[in-house]
Amino acid sequence: MGFVSEKFTPGFRTIDGNQLNKLVQEINAGPSSGPTYYVNETKGTDNLNNTGVNPSQPLATLDRALAIESAALAGLGLSSVGRNAIVAFWGTQHRTATLVWNLPATHLVGIAATQLRGKRARISITGGTTGFNKLVQVTAQGCQFENFGTFYGFPNASAALVNWSDEAGRSSYQNVEFLGFGDTTTTTGSSNLTGSRAFVFNSSNGETTLQNCVFGDDTTTRNATNYTVEIAGAAARLSFIDCVFEALLGSSGGASSHLLIGANGIDRYLDIVRCRFHADVLGGPGGTAMAQALNVSTSAGGAIILDQSVAANGITAWQTTPTTNVQMNMTAPGAGGGKAITVA
């Protein structure tokens, strides 16, 4: 039976106690399970005497939780493998520098309602902060990230581009929002820079599952040719399951795509199962249509398997020039791997 550091009664803060116990138990399993650290920016303190394992006395920052667990792993000789510790946080963590998630088998869980969009456990930036690249950088394997959101974007910061960068692979994401492009300052805002991304995966280790996640957003207008998600590094065996890709494109953003895979970006295959791709042109936003959902090199290095997925609401085609790398387990009416749709 895995170690669970605390039990909660229904009504614990913003999440039902039974639901929190279930989330903790799903991750915190195994003979070498570690503690659960609790983090809240408003109520918490990073005082050296605070261990963070009592939910009534949380730590203030995710950095402090990682530092405590890092020291513990070193003392136990487990730095290279981890011990399935959990960092559970609620509220917003405001960042002034990159959060480097560098401990293996150390998991991050948001304590909040589990809706797909607008979760109240999230990682964001601090207004007025000098722009920095990569809100979160994952450099360790075997981690689970679950039930929180991110928001990232700067004005006049051409080097601040990537919201989340996974550079290790072999992890899992469940119900996480990756919201990049968060500043619409003309020309220089993050939504208007060609290098901006909501999520980048860049590791040959691959073997990562992203399920029930949201990539991009439909509140900031993108007026440059940029990409919601980029896969690189010869990543193998990736799976996107029940995910949503969102964009709101301006008149200069129509050449953007949701997925960019360059030469040798993947290996073997990338599965896209029951996902929805949007570029909102209907209703209030009234954006510009996205010419193609996928920008995939003819030498991508593997196959992209589309299964039971939909590109709609402002996306003209899966690909404007089809490649043999993209294979569909569904009907694709119209030429060019496109679909029959009238864009308003």
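Residues numbered from 1 in each chain as written. Predicted model: local features only at pLDDT ≥ 70, side-chain atom pairs only at ≥ 80, totals over all residues. Heavy atoms only, no water.

### Looking at the pairing of strand β11 (residues 197-202)
- Across the 6 residues of β11, 5 count as buried, placing the element largely inside the fold.
- One ladder, built from 4 bridges, connects strand β9 (residues 162-166) with β11; its direction is parallel. Looking at β11, one finds that Ser165 is bridged to Val200.
- For β11 and strand β15 (residues 227-232), the ladder comprises 4 bridges, and the chain directions are parallel. Residue pairing across strands places Asn202 opposite Ala232, the latter belonging to β15. (Buried < 20%, exposed > 50% of the residue type's maximum accessible area, 1.4 Å probe, protein only. Helix = DSSP H or I, 4+ residues; strand = E, 2+ residues; numbered from the N terminus. Pairing = 2+ DSSP bridges.)

### Quick word on the packing of aromatic side chains
- Evaluated as defined, the whole model comprises 20 aromatic pairs.
- Taking 5.7 Å as the distance between ring centres and 75° as the angle between the ring planes, the aromatic pair formed by Trp164 and Tyr173 counts as edge-to-face. Considered together, Trp164 and Tyr173 belong to a single accessibility category, that of buried residues.
- An angle of 20° between the planes, with centres 5.0 Å apart, marks the rings of Phe215 and Phe245 as stacked. Linking Phe215 in strand β13 (residues 214-215) with Phe245 in strand β17 (residues 244-245), this pair joins segments that are 30 residues apart in sequence. Summarising the burial analysis for this pair, Phe215 and Phe245 share the class buried.
- Sitting over the ring of Phe181, Arg222 keeps its end group 4.0 Å from the ring centre. (Phe/Tyr/Trp six-rings, centres within 6.5 Å; stacked < 30°, edge-to-face > 60°. Lys NZ or Arg CZ within 6 Å of the ring centre and 35° of its normal.)

### Looking at the environment of Glu69
- Mapping Glu69 onto the fold places it in helix α2 (residues 62-76).
- Separated by 32 residues in sequence, Glu69 and Tyr37 have C-alpha atoms that sit 8.8 Å apart.
- Contact partners of Glu69, with chain neighbours within four places excluded, come to Pro35, Tyr37, Arg83, Ala85, Leu103 and Thr106. (Contact = heavy atoms within 4.5 Å.)

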